[in-house]
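Here is how the chains run, residue by residue.
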Amino acid sequence: MDKVRDQRLAALGGSMRDFRYLPGSNLLERVEAFFEWQELRRDTGLWPLGRSTETGPRSKCLARTDEGALFEGINFASQDYLSLSAHDAVRDTAIATINDFGVHSAGSPALVGNTSLSLALEKKIAEFLQMEHVTLFPTGWAAGFGVVKGLVRPSDHIVMDALSHACLQEGAQAATRNIHYFRHNSIEGAREKLKNIRAKDSENGILVVTESLFSMDSDTPDIQALQELAHEYGAILMVDVAHDLGCLGPDGRGHIGAQGMLGKVDVVMGSFSKTFASNGGFVACNQRSVKEYLRYYSSPCTFSNALSPSQAAIVLKAFEIVDSEEGSRLRASLMTNIRLLRELLHGTGFETYGDPSPIVCVKMGSEGLARLVSRRLPDIGVLANLVEFPAVPKGQARFRMQVMANHSSRDIIDAVHRLSVATAEATRQHDALLDGSADFDSIDALVRAPGERGAPTVASIRPAKTAALAGELQARTTRRIANG
Ligand SMILES: Cc1ncc(COP(=O)(O)O)c(C=O)c1O
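These numbers were taken from a predicted model, which means no experiment stands behind them. The residue numbering used here restarts from 1 in each chain and proceeds along that chain's sequence as written. Residues qualify for local features only when their pLDDT is at least 70, as the model is predicted, and side-chain atom pairs are given and counted only at 80 or more; totals for whole chains, interfaces and linings, by contrast, use all residues.

K.L.:
Give me the site of the ligand: which residues, what numbers.
P.N.:
A residue counts as near a molecule or strand when its C-beta atom, positioned from the backbone, falls within 6 Å of it. By nearness alone, 14 residues border the ligand, and Gly-140, Trp-141, Ala-242, Ser-271 and Ser-273 come closest of all. Per element, the largest residue contribution to the shell around the ligand is three residues, and it comes from helix α4 (residues 140–151). All residues other than Ala, Val, Leu, Ile, Met, Phe, Trp, Tyr, Cys, Pro, Asp, Glu, Lys and Arg, Gly among them, are scored as polar; the first ten of these are nonpolar and the last four charged. When grouped by side-chain class, the residues that make up the shell around the ligand number three nonpolar, nine polar and two charged. Runs of H or I in DSSP of at least four residues are treated as helices and runs of E of at least two as strands, each being numbered from the N terminus.

As structure tokens, then:
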């Protein structure tokens, strides 16, 4: 093949960060720079975002790429950890509620947006978390942003885990300039920040912010130690439980439950969108005054319409299921699936991040290679979200696979096999693009011609071998769960 230098190679580089701060005085014209880069990635098939499903977020679904191409795949890209979004009882509840209440809340919780259903939901969450009070928000993002911005004033301080979710970081930026990031999950890092702040300022408030399960790394801080540390320095701890509440830990109480911290964390904030089958979020606390204050001083609660009646009813029903025998069974299948997926990935030569949780992040490394792998996935029938800088550090691109209780072991076996094949093929394509022996018009010819050049970094394995390994792992996992 002729050596070709493809200008479109630029689509393998660059990041969203390049376009966050744009030069130029025309606010509308200057965003063209982002669009050009996005179009270059689209043109080369390297834009993996903005996809939609035609069938809802099922474990197998029909989806459409951003360019409109239809494909069918095993879905590890949706967040529906206990598979409640298509659960019969949840759906029936939604339909009955629409019949009884109509479809809209038609007001903010500060006015008349709440219904008997949202009040019942507040009570249910408070009981579930062994806390006194709960305030609902229209989304998890709004709850995270709203609790930080609602409680913190410009002279206060925020001591925040460096990997905290965007809603918490943006809430912090909107609230104060005194933001002190500490090393991810480092109690000592947090201590150092608190000590420095209190050495100079004993007058103002400090909010310490962390998550119980980090969504890109699948790891967890020592919540009890952070709570004690916060109190030692006259600070308040806020924990975002978006990813583990309902789906992990004893009786679904997440890491707060597992660490014996139920009812003891100063402020708990969560989202319904991962396990509870709906948009929406909440803030739980132990003081009525805090609940009332947030309702009138946290803008996304005060000045935004409340959850719709059907959303409140869906989440209430989801909490009932989470709290039942069925919930325990769903959590057990979820954990079986998580362990199977992680062990199969490891057995196939992939590395994953963190601890077993519904978030299984698969290490890719180079953004260019990861984009080429992602480009292959629709063709071979897998949906998995590519995460790259700035959501994670440069050179640490990864696929975030989100597991559901009703993924079958066949789904998991097939997905791992397909990801493995896609990675081997993309590695060959990446090498050829970089050494100039192929361009974007010719790389697709490389995908079904294995062997002749550059060995793939991840071994291409036969499905039969994966299936045998899966059978063995699943039997082991089932025994482990049966033995408690
Ligand atoms: C840790 C964390 N907090 C908050 C949110 C926001 O939740 P939602 O998407 O339900 O608005 C998310 C979800 O994206 C999250 O991962």
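K.L.:
How would you sum up helix α7 (residues 223–232)? Please name residues and give values.
P.N.:
Looking at α7, one finds that the buried residues are Ile-223, Leu-226, Gln-227, Leu-229 and Ala-230. For α7, the arc enclosing every buried residue in end-on projection is 165 degrees, short of the 170-degree limit, so these residues lie on one face. Residues of α7 that are exposed and angled more than 90 degrees away from the buried face: Glu-228 and Glu-232. For α7, the secondary structure elements touched by its buried residues are α6 (187–200), β7 (206–211), β8 (236–240) and α8 (254–258). Just downstream of α7 lies Gly-234, where phi reads positive at about 65 degrees. With C-beta atoms placed from the backbone, a residue counts as buried when 20 or more other C-beta atoms lie within 10 Å of its own, as exposed when 12 or fewer do, and as partly exposed for counts between those limits. The arc in question is formed by the directions pointing from the helix axis toward the C-beta atoms. C-beta atoms are placed from the backbone for every residue, and two residues are taken to be in contact when these atoms lie within 7 Å.

K.L.:
An account of the confidence of the model for the protein chain is requested, with residue identities and associated values reported.
P.N.:
Scored from 0 to 100, pLDDT records how confident the predictor is in each individual residue. On average, residues of the protein chain score 92 in pLDDT, and 91% of them are at 70 or above. Every residue in residues 449–464 scores below 50 in pLDDT, and together they form 24 contacts with partners more than four places removed in sequence or on other chains.

K.L.:
Break down the environment of Phe-35 for me, with residues and values.
P.N.:
With respect to the helices and strands, the residue Phe-35 is situated in helix α1 (residues 32–43). Classification of Phe-35 as exposed rests on a count of 11 C-beta atoms within 10 Å. When the C-alpha atoms of Phe-35 and Thr-220 are compared, they prove to be 37 Å apart, with 185 residues separating the residues in sequence.

K.L.:
Tell me about the sheet that holds strand β14 (residues 397–402), and please be specific about residues and values.
P.N.:
Here, a strand pair is defined by DSSP locating no fewer than two bridges between the strands. The strand order β11-β14-β13 describes an open sheet built from three strands, whose pairing is antiparallel. The open sheet has two free edges, formed respectively by β11 (359–365) and β13 (385–387), since each of these has just one partner strand. The average angle at which neighbouring strand axes cross in this sheet is 30 degrees, direction not considered. Pairing of β13 with β14 involves three bridges; the strand directions are antiparallel. Bridging across to β14, Leu-386 finds its partner in Phe-399. Axis lines are fitted through C-alpha atoms, for helices just across the contact stretch, and the angle between N-to-C directions can take any value from 0 to 180 degrees.

K.L.:
How would you summarise unusual backbone geometry if you had to cite specific residues and measurements?
P.N.:
The amide bond that connects Phe-389 to the next residue, Pro-390, takes the cis arrangement and shows omega of 5 degrees. For Pro-390, the position within the fold is in the loop between β13 and β14. The phi torsion at Gln-130 lies on the positive side, around 55 degrees, for a residue other than glycine. One non-glycine residue, Ala-277, lies in positive phi territory at about 65 degrees. Position of Ala-277 among the secondary structure elements: in the loop between β9 (267–271) and β10 (281–285).

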